[in-house]
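# Structural overview
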Amino acid sequence: MQTRLLARVAIATLAVCGTSDAVLAGSVTQPGETVGIATGAPLPEGFYFVDTADWGQRNTSPESTSVGVNIPVLAWSTPWTLLGGRLQFLAAAPQVAVGVADTDFASGMYNPYFAGQLAWDLGNNFGFSYALGAYIRVDNEVAFNTSSLNQRFALSYTGNDWNLTANAIWGIQQHSVTDGVDNPDFLNIDLTATKKFDKWEIGPVGFYSTDLNRPTAGYQKESQFALGGLVGYNFGPVTLQAYLTTDVWERNYGGRDTRGWVRVIIPLGNPFAAPAPEMVSK
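The text that follows walks through the structure, step by step, so that each part is easy to find. (Residues numbered from 1 in each chain as written. Predicted model: local features only at pLDDT ≥ 70, side-chain atom pairs only at ≥ 80, totals over all residues. Heavy atoms only, no water.)

## Quick notes on the overall build of the chain
Counting its regular elements, the chain contains one helix and 16 strands. Counting the 282 residues in the chain, one finds 48% classified as buried. Long-range pairs, those at least 24 residues apart, make up 58% of the contacts in the chain with a sequence separation of at least 6. A total of about 13100 Å² of accessible surface is found on the chain, and carbon and sulfur atoms cover 62% of it. (Helix = DSSP H or I, 4+ residues; strand = E, 2+ residues; numbered from the N terminus. Buried < 20%, exposed > 50% of the residue type's maximum accessible area, 1.4 Å probe, protein only. Contact = heavy atoms within 4.5 Å. Areas by Shrake-Rupley, 256 points an atom, 1.4 Å probe, with all protein chains shown as cover.)

Spelled out as structure tokens, the structure:
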């Protein structure tokens, strides 16, 4: 039972309750993981590596819960368009480590993620994207023992050095109960309102997450809302971001979470770009 408790803590990334017979759950997509990225805007053609790492603690009673997550993502913005939108592909291989009261510890690979995305330039510095993807089932202590469908709807404004973005992430589980554990469908909303000053970026961020259904009759749906601030610096071409978030409201999580995040964004170039025309001397 303790192993499965640890698993549910890791899966929720931030969730644990005080009693050992509590039902634990949470979003498959980590709430807040896309904060700071203009996910609605089309990327310039090419490949990108984005790594987001975070560590935090939820002040549950009587035992606090610590969770660390690393999410490496490879993104490809292709040369192709479909229905007027830029076709993009995403792949991620997250890792999770979780500890309860510094006594019980588990770590391992989380559910890998694959998605295709269309991103439209709507004009006037607005962009909208839709992503359809899936998390693949993994049977270990820190992953969901079921696959899930993942849809993402993002709207961004990137004019005048602003990044104003809302990214709604809707997850639908293939199996609502596995190994006696509830797997609810979920909704996350990641929010960004940052502004660039030369190479610096700063501004408030936040996220909301909630379970959408009750897989079993006695399940208590979990929700949370967190706020924080982000600071970033563009080293050209590598960009580094850091942000800190804390719950200002939660329901059925048993405590509030405070979390520090670090992200690195590295453009990998575009091997499929047409070569530049050669200059011909006269």
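## Structural notes on the nonpolar core
Core analysis: the largest hydrophobic core is formed by 21 residues, its most contacted members being Val 28, Val 96, Tyr 110 and Tyr 113. The set of elements that each furnish at least two residues to this core consists of strand 2 (65-82), strand 3 (85-92), strand 4 (95-100) and strand 6 (113-123). For this core, the element with the most residues is strand 2, which contributes four residues. Of all hydrophobic cores here, the second largest spans seven residues; its members include Val 205, Ala 226, Leu 230 and Tyr 243. (Core = buried A, V, L, I, M, F, W, Y, C linked by side-chain atoms within 4.5 Å.)

## Observations regarding the packing of aromatic side chains
Applying the stated rule across the entire model yields 13 aromatic pairs. For the pair Phe 47 and Trp 76, a centre-to-centre distance of 5.2 Å together with 5° between the ring planes defines the contact as stacked. Separated by 29 residues along the polypeptide, Phe 47 in strand 1 (residues 46-58) and Trp 76 in strand 2 bring together distant segments of the chain. Note on Trp 200 and Tyr 233: the rings are 4.7 Å apart at their centroids and 65° apart in plane angle, and the pair reads as edge-to-face. Separated by 33 residues along the polypeptide, Trp 200 in strand 13 (residues 200-211) and Tyr 233 in strand 14 (residues 223-234) bring together distant segments of the chain. Its relative accessible area of 48% is what places Trp 200 among the partly exposed residues. (Phe/Tyr/Trp six-rings, centres within 6.5 Å; stacked < 30°, edge-to-face > 60°.)

## Re the pattern of salt bridges
Scanning the entire structure with this criterion turns up four salt bridges. The salt bridge partner of Glu 45 is Arg 86, with a shortest N-O separation of 3.5 Å. Of this pair, Glu 45 sits in the loop between helix 1 (2-12) and strand 1 while Arg 86 is found in strand 3, placing the two residues 41 residues apart along the sequence. One salt bridge connects Asp 247 with Arg 58, and the closest N-O pair in it is separated by 3.0 Å. (Salt bridge = Lys/Arg side-chain N within 4 Å of Asp/Glu carboxyl O.)

## Comments concerning the environment of Trp 162
Examined against the element boundaries, Trp 162 turns out to sit in strand 9 (residues 162-173). Here Trp 162 falls in the partly exposed class, since its relative accessible area comes to 35%. Those residues in contact with Trp 162 that sit more than four places away from it in its chain are Tyr 157, Ala 193, Thr 194 and Lys 195.

## Comments concerning the environment of Gly 260
Turning to its location among the elements, Gly 260 is positioned in strand 16 (residues 257-269). The spacing of Gly 260 and Gly 228 is 32 residues in sequence and 9.7 Å in space, taken between C-alpha atoms. Excluding residues within four positions of it along the chain, Gly 260 makes contact with Ala 53, Asp 54, Trp 55, Tyr 243 and Leu 244.

## Some thoughts on the pairing of strand 12 (residues 186-197)
As defined by bridge partners, strand 9 adjoins strand 12 across ten bridges and the pair is classed as antiparallel. The partner of Asn 163 across the bridge, within strand 12, is Thr 194. Inspection of the sheet shows strand 12 paired to strand 13 by ten bridges, in the antiparallel sense. Across the sheet, Leu 191 pairs through a bridge with Gly 206, a residue of strand 13. Between the antiparallel neighbours strand 12 and strand 13 lie two residues, among them Asp 198 with a positive phi of about 60°. (Pairing = 2+ DSSP bridges.)

## Considering the pairing of strand 8 (residues 148-157)
Of all ten residues in strand 8, seven are buried, a share of seventy percent or more. Taking the residues that link successive antiparallel strands as the turn, the strand 8-strand 9 hairpin has four residues, and the phi of Asn 160 there is positive, at about 55°.

## Description of the environment of Lys 221
Structurally, Lys 221 is set in the loop between strand 13 and strand 14. On a C-alpha basis, the gap between Lys 221 and Arg 251 in space is 7.9 Å, while along the polypeptide they are 30 residues apart. Every residue in contact with Lys 221, bar those within four places of it in the chain, is listed here: Asp 211, Leu 212, Asn 213, Arg 214, Arg 251 and Asn 252.

## Here we look at unusual backbone geometry
A cis geometry characterises the amide bond from Gly 236 onward to Pro 237, with omega recorded as 5°. Turning to its location among the elements, Pro 237 is positioned in the loop between strand 14 and strand 15 (239-251). Notably, Asp 161 is not glycine yet its phi reads approximately 65°, a positive angle. Structurally, the position occupied by Asp 161 is in the loop between strand 8 and strand 9. For Asp 161, a relative accessible area of 47% corresponds to the partly exposed category.

Functional significance is not addressed by these values, which are geometric in nature.
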